[in-house]
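# Structural description and commentary
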Amino acid sequence: MKKIFGILFCSTIILTGCSKDYLDTDLKSTINQEQIDSSPAALQGLVNGVYTSLHTYGLSESSTHEAWGHKAVLSAMDMMSNDMLNNRASWFSAFYNYTARIQTSVRTTMIWNTYFQQIRAINTVIASIEKTGVTPQNKAIYGQALALRGYMHFMLARVFGPTYVGHLNADCIPVYTEVTLVGKTRSNVDTVYKQIVKDLTSSLPYLVGYTRENKEKVDTRVAKAFLAEVYLEMGNYASAATMAHDARTGVTQPTQAQWLDGFYDLEASPDAIWGGIISEATTSFVASFFAHFDNTDPNGYAVVFNKLIDRRLYDAMPATDFRKQAYQASNNAAPYNGVDGVSLPKYASLKFIDKSIGQGGDYIYMRASEMYYIEAEGLAKSGNEAGAKAVLAEITQLRNPAYTVTASGSALIDEIILQKRIELWGEGYAWTDMKRLGVGLLRDYPGTNHNLAAGRINIPAGDLRFTFQVPQAEILANPNVTQNP
């Protein structure tokens, strides 16, 4: 019998949040189907396991310190953009130099497994609820499961498939909406996105009235944020603007002090709407986001293998924009001038700093601030430039009181994307926007600070290297799936 998704699959259910009444301590075991069907607690336990798996090291690929779930994928995507660089070759260099996309790379497996493994667990939840019926006790669980399935297919589609606009009949990814052990063929882009939209829109009524216990759970706001991203990718700009507005409404924006505080505390970051809660029990130490992206930690990788901002993006920030303070202004600027073993060059990021004591910083996946830029772009591209300018000014003036919007037409779109790149640097949006907007990779330019020759490359927009190959293990095990060039 063919293996599910081809690649080896052990149960990805994690014990955190689940009662031992429902799970055996052997991760290769499964919950008894009768327990799943009869107990909302068992169903929520399965969903909680997915949330935990999305920030757990080693589940998707055990041979690399880059495999710590959804945040790792977001980080990898930014490493492939124009806006971030490694100053020394180390972890994430394969993404930086575009060799990670090759089928034999463990990085393709890491991304593929991060989501397809969890889709299987989610399908178990959805199938159980659909078999026994939606009830007041399980409807929010059903809504979470549908939203997660839609979003995870979306993440895979953006990496392993082409852009939506202009490629509706092109091969995308396999779509799994039921529990099966048979590897499927790749559906075309149109089919994949119809299923994504169906799952996300269907989730909304089941999440009405649901109050989550923490920001790790998906609620109505998060599901609408997912939809905003999907509609933007599809070119459905009016709907993208509407969903983004709904998702951001009522969320407090951070003060300057909060914005510059390190982005390490999910609950304390006012505009963080979804993420992973890291504790002493779930931290993975050096195989973690902050080990790779907190340049100030003397015990992490990043203190030696620094992550820097591209100088063009840094120079685009005026001195009145406090976000510029999140980067080293000069080589060895105090306090990172060798004290405590930390010496950082100009352009080194100070944006992500883990100030937690012993437990590891939380992973912030999504902030309401992103929604302003989706709303602004959606409004501008659907003919409401005045509205777009107002939304862009509303958020940017919170970061730079001197900011004004004077651009119009295509220049306004460029300005929206520029401010989005500045705001969300390092958070996983730059590369997918490059791919969506048809922006090429341009790192080899006069005065570039991309000092590594392997990453100082230019790739034209639309190049095949903007799409990952299907992992070799999937190709070998699943005869129904075809390969990207």
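Let me begin by describing the structure that accompanies this report. Not measured: the values here are computed from a predicted model. (Residues numbered from 1 in each chain as written. Predicted model: local features only at pLDDT ≥ 70, side-chain atom pairs only at ≥ 80, totals over all residues. Heavy atoms only, no water.)

## Some thoughts on the packing of aromatic side chains
Stated formally: In this scheme Phe, Tyr and Trp rings, the latter by its six-membered ring, pair at centre separations within 6.5 Å, and the angle between planes marks the pair as stacked below 30 degrees, edge-to-face above 60, and tilted otherwise. Think of it this way: any DSSP run of H or I at least four residues long counts as a helix, any run of E at least two long counts as a strand, and we number them from the N terminus. Placement of a positive charge over a ring is assigned whenever Lys NZ or Arg CZ falls within 6 Å of the ring centre and within 35 degrees of the normal to the ring plane.
Under the criterion given, the structure shown has 32 aromatic pairs. Ring centres 5.1 Å apart and planes at 80° place the aromatic pair Phe289 and Phe352 in the edge-to-face group. Taken together, the positions of Phe289 in helix α11 (residues 289-293) and Phe352 in the loop between α12 (311-315) and β4 (363-367) put the pair 63 residues apart, joining distant regions of the chain. The positively charged end of Lys307 is found above the aromatic ring belonging to Phe293, 5.0 Å away from the centroid. Lying across the ring of Tyr314, Lys324 places its NZ or CZ 4.6 Å from the centre.

## Description of the nonpolar core
It is characteristic of soluble globular proteins that their nonpolar side chains tend to be buried jointly. To keep things clear, this is the line we draw: We define the nonpolar core as a collection of buried residues of types Ala, Val, Leu, Ile, Met, Phe, Trp, Tyr and Cys that are connected through side-chain atoms lying within 4.5 Å of one another. For every residue, the accessible area obtained with a 1.4 Å probe (protein chains only) is divided by the maximum for its type, and the residue is called buried under 20%, exposed over 50%, and partly exposed between those limits. Residue contacts follow a heavy-atom distance rule, with two residues in contact if any of their heavy atoms lie within 4.5 Å.
Of all hydrophobic cores here, the largest spans 127 residues; its most connected members are Phe95, Ile111, Tyr193, Trp274 and Phe468. Sorting elements by how many residues they give to this core places helix α6 (residues 139-160) first, with 14 residues. Setting aside residues no more than four positions away along its own chain, Phe95 makes contact with Glu66, Ala76, Met79, Met80, Ala100, Arg107, Met110, Ile111 and Phe468. Of all hydrophobic cores here, the second largest spans 18 residues; its members include Ala241, Ala376, Val391 and Leu392.

## Remarks on helix α3 (residues 70-79)
Burial analysis of α3 places ten of its ten residues in the buried class, which makes it a mostly covered element. Turning to α3, its buried residues are His70, Lys71, Ala72, Val73, Leu74, Ser75, Ala76, Met77, Asp78 and Met79.

## Re the pairing of strand β2 (residues 272-276)
Operational definition: By definition, two strands form a pair when at least two bridges between them are found by DSSP.
By the criterion of burial, β2 is predominantly enclosed, with five of the five residues buried. Where β2 lies against β4, four bridges are found, and the strand directions are antiparallel. Within β4, the residue paired with Gly276 across the bridge is Tyr363.

## Re the pattern of salt bridges
When the charged atoms of two side chains with opposite charge come close together, those side chains can pair. Inclusion rule: The rule for a salt bridge is simple: a side-chain nitrogen of Lys or Arg has to be within 4 Å of a carboxyl oxygen of Asp or Glu.
Taken as a whole, this structure holds 25 salt bridges when the rule is applied. Residue Glu229 is joined to Arg158 by a salt bridge in which the shortest nitrogen-to-oxygen separation is 3.7 Å. Highlighted residues: Glu229 in helix α8 (residues 220-234) and Arg158 in helix α6, separated in sequence by 71 residues. The pair formed by Glu229 and Arg158 is uniform in burial state, with each residue classed as buried. For the salt bridge of Glu377 with Arg436, the shortest nitrogen-to-oxygen distance reads 2.7 Å. Residue Glu377 is found in helix α13 (residues 368-381), and its partner Arg436 is found in helix α16 (residues 430-437); the two are separated by 59 residues along the sequence.

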